[in-house]
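Now for the letters of each chain:
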Amino acid sequence: MEPTAEQQGPKEARSPQRAPAPWQALPVLSEQQSGAVELVPAYAAPVLDARQTSRLLREVSAVHPLPAQPHLKRVRPRCDTSGPRTLEMLLCLAGPAAGTRSLAELLPRPAVDPRGLGQPFLVLVPARPPLTRGQFEEARAHWPTSFHEDKQVTSALAGQLFSAQERAVMQSHMEQAVQAAQQAAARGLRAVGAVVVEPASGHVLATGHDCRGAASPLLHAVMVCVDLVAQGQGRGAHDLRPHPTCSFAVAPQAIWAGTVHKLDEDEDGLPYVCTGYDLYVTREPCAMCAMALVHSRIQRVFYGAPSPDGALGTRFRLHARPDLNHRFQVFRGILEDQCRWLDPDT
Ligand SMILES: [Zn+2]
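Worth saying up front: this structure is predicted, and the values here are computed from it rather than measured. (Residues numbered from 1 in each chain as written. Predicted model: local features only at pLDDT ≥ 70, side-chain atom pairs only at ≥ 80, totals over all residues. Heavy atoms only, no water.)

### Concerning the pattern of salt bridges
Two side chains that carry opposite charge are able to pair once their charged atoms sit near each other.
So, step 1. Scanning all chains against the criterion turns up 17 salt bridges.
So, step 2. When the shortest N-O distance is used, the salt bridge between Asp-210 and Arg-212 registers 2.8 Å.
So, step 3. Across the pair Arg-241 and Asp-239 runs a salt bridge whose closest N-O atoms are separated by 2.8 Å.
So, step 4. Among the ionic contacts, a cluster of salt bridges with common partners joins Arg-133, Glu-137, Arg-140 and Glu-149. (Salt bridge = Lys/Arg side-chain N within 4 Å of Asp/Glu carboxyl O.)

Quick look at the structure:
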């Protein structure tokens, strides 16, 4: 039998409050997702003869296909609504030092017959497709933009991604990480705690805290947990027996044996240590720990409060880099009030 998420353990005597403050899991998006919309100058021209619109659209698009801007619509109603209702057509992107150009300079003949177009003008357009609804609203204020909404990101940003039941499970795992951090503090170690969970079963595979000392300066809570998960797989490198809170469990047989061949595998044919698993950690991991999570192929990370040098949101977003070969989801804010008083991972 799996322990249920609602299972009530004795509350930590040191816990400053019995009822946890309300918390919200907020997604830590990539820099591209969370940044402002980047605008680039482009040339557009009014369509003076509406009957030429489809021909012009075809000829201009063939000459200037804008392959990096598939989100930009080519035609928009004229912004100035005082005059007759006319259209404006996007012709091409402009360089950074763009000045006034004539139709003849922008549209080579005979590929484009510019009949029906008015004098070109400069306009700012969004350089990249919007990734969030907020970016979409901002982008289309400049030029009509298409948007393929990532429903998961939208509901995550609205705080609606997790059901009440999922939130209860998340809270229980984070409470376990908080307890591990408090036990570390009681032993004179840095108060950072972490738990690794197999999300489908809720099975806790590793519980650990920061164990660093003079002889082992790299034993941050996340490094301890990754090693503990590896120990549960018959691997691992560190002797963590002096730290009774740091413990591991072997993954349920069905999960471990049955799905190995489907999992992401390393060069030995073994799955990466944390493939498919969730990590709960009291405070945001440092760069070393975050990179260890990239290497071990964690699936999702939940942390309580940021760390000043954190690498999953604060200083870097190592979980969402297009130039690294593994990306994962990160949510912050789980039991943030309790976690904020614990040590940062530095
Ligand atoms: Zn660390």
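There's plenty left to go through after this.
### Considerations on the sheet that holds strand β4 (residues 87–93)
So, step 1. Pairing is antiparallel in the open sheet, where 4 strands are placed in the order β3-β4-β2-β5. Every other strand in the sheet has two partners, leaving β3 (75–77) and β5 (121–126) as the edge strands with one partner each. Sheet twist, expressed as the mean angle between neighbouring strand axes with direction ignored, is 45°.
So, step 2. Where β3 meets β4, 3 bridges bridge the pair, whose relative direction is antiparallel. (Pairing = 2+ DSSP bridges. Helix = DSSP H or I, 4+ residues; strand = E, 2+ residues; numbered from the N terminus. Axes fitted to C-alpha atoms, helices over the stretch in contact; angles between N-to-C directions.)

### Some words on the packing of helix α7 (residues 221–232) against helix α9 (residues 287–295)
So, step 1. Relative to each other, α7 and α9 sit at 25°, their axes nearing to 8 Å. The angle between α7 and α9 places the two elements in the roughly parallel class. Across the interface between the two elements, Val-222, Met-223 and Val-226 of α7 pack against Met-288, Cys-289, Ala-292 and Leu-293 of α9.
So, step 2. For the contact of α7 with α9, the class distribution of residues is 7 nonpolar, no polar and no charged. (Parallel < 35°, antiparallel > 145°, perpendicular 65-115°, else oblique. Contact = heavy atoms within 4.5 Å. Nonpolar A, V, L, I, M, F, W, Y, C, P; charged D, E, K, R; others polar.)

### Some details on the pairing of strand β2 (residues 39–47)
So, step 1. Along β2, 7 of the 9 residues are buried, which leaves the element largely enclosed by surrounding structure.
So, step 2. Bridge count between β2 and β5: 6 bridges; the pairing is antiparallel. Following the sheet pairing, Ala-42 is matched in β5 by Val-123.
So, step 3. Relative to β4, β2 runs antiparallel, the two sharing 6 bridges. Each residue of the ladder has a partner; that of Val-47, found in β4, is Leu-87. (Buried < 20%, exposed > 50% of the residue type's maximum accessible area, 1.4 Å probe, protein only.)

### Here's the deal with the coordination of the zinc ion
So, step 1. The protein atoms donating to the zinc ion are His-220 (ND1), Cys-286 (SG), Cys-289 (SG) and Asp-345 (OD), with metal-donor distances spanning 2.1 to 2.3 Å.
So, step 2. Relative to the metal, the 4 donor atoms surrounding the zinc ion lie at angles of 100 to 121°, and the coordination shape comes out tetrahedral.
So, step 3. Site description for the zinc ion: donor spacing in sequence, H-x65-C-x2-C-x55-D. Of this pair, His-220 sits in the loop between β7 (203–209) and α7 while Asp-345 is found in the segment after α10 (336–339), placing the two residues 125 residues apart along the sequence. The exposure classification of His-220 matches that of Asp-345, with both residues buried. (Donors = N, O, S within 2.8 Å, 3.2 Å for Na, K, Ca; no water. Tetrahedral: all angles 85-135°; square planar, octahedral: opposite > 155°, others 65-115°.)

### Overview of the environment of Pro-114
So, step 1. Within the secondary structure layout, Pro-114 lies in the loop between α3 (103–106) and β5.
So, step 2. Relative accessible area serves as the criterion here: at 16%, Pro-114 is assigned to the buried category.
So, step 3. Each residue touching Pro-114, except ones within four places of it in the same chain, is listed here: Leu-56, Leu-103 and Arg-109.

### A look at the layout of surface pockets
So, step 1. Quantified by volume, the second largest pocket comes out at close to 460 Å³.
So, step 2. Forming the boundary of the second largest pocket are 22 residues, of which Leu-29, Ser-30, Gln-33, His-319 and Ala-320 lie nearest the centre.
So, step 3. At the level of secondary structure, the elements contributing two or more residues to the lining of the second largest pocket comprise α1 (31–34), α5 (151–157) and β11 (329–332).
So, step 4. The residue makeup of the lining of the second largest pocket, split by class, is 11 nonpolar, 6 polar and 5 charged. (1 Å grid on protein atoms, 1.4 Å probe; cavity = no way out; pocket = protein on both sides within 12 Å on 5 of 7 lines; lining within 4 Å. Points joined across faces, edges and corners; volume = space filled by probe spheres on them.)

### Regarding the packing of aromatic side chains
So, step 1. In the structure shown here, the tally under the stated rule is 5 aromatic pairs.
So, step 2. Between Phe-136 and Phe-147, the aromatic rings sit 4.8 Å apart at their centres with planes inclined by 15°, giving stacked as the arrangement. Placement of Phe-136 in helix α4 (residues 133–140) and of Phe-147 in the loop between α4 and α5 is noted, with a sequence separation of 11 residues between them. In terms of burial, Phe-136 and Phe-147 fall into one category: buried.
So, step 3. Judged by centre distance (5.5 Å) and plane angle (15°), the ring pair of Phe-302 and Phe-331 falls under stacked. (Phe/Tyr/Trp six-rings, centres within 6.5 Å; stacked < 30°, edge-to-face > 60°.)

### Structural notes on the sheet that holds β7
So, step 1. Spatially, β1-β11-β10-β9-β6-β7-β8 is the arrangement adopted by the 7 strands of the open sheet, whose pairing is mixed. Across the chains shown, the open sheet's two edge strands, defined by having one partner strand only, are β1 (26–27) and β8 (247–248).
So, step 2. Bridge analysis of β1 against β11 gives 2 bridges, and the strand direction is antiparallel. Among the inter-strand pairings, Pro-27 is bridged to a residue of β11, identified as Phe-331.

### So, the environment of Val-153
So, step 1. For Val-153, the location among the structural elements is in helix α5.
So, step 2. Val-153 sits 21 residues away from Thr-132 along the chain, and the two C-alpha atoms are 7.1 Å apart.
So, step 3. Residues contacting Val-153, with those up to four places away along its chain left out, are Leu-29, Gln-33 and Thr-132.

### As for helix α6 (residues 164–186)
So, step 1. Taking 1.5 Å per residue as the helical rise, α6 with its 23 residues ought to reach 33 Å, and the 32 Å between its terminal C-alpha atoms agrees with that figure.
So, step 2. When α6 is considered as a whole, its buried residues turn out to be Met-170, Gln-171, Ser-172, His-173, Met-174, Ala-177, Val-178, Ala-180, Ala-181, Gln-182 and Ala-184.
So, step 3. Where the residues of α6 are buried, they touch β6 (193–198), β7, β9 (278–283), β10 (300–305) and α10.
So, step 4. Trailing α6 by a residue or two, Gly-188 shows a phi angle of about 80°, which is positive. (Expected span 1.5 Å × (residues − 1).)

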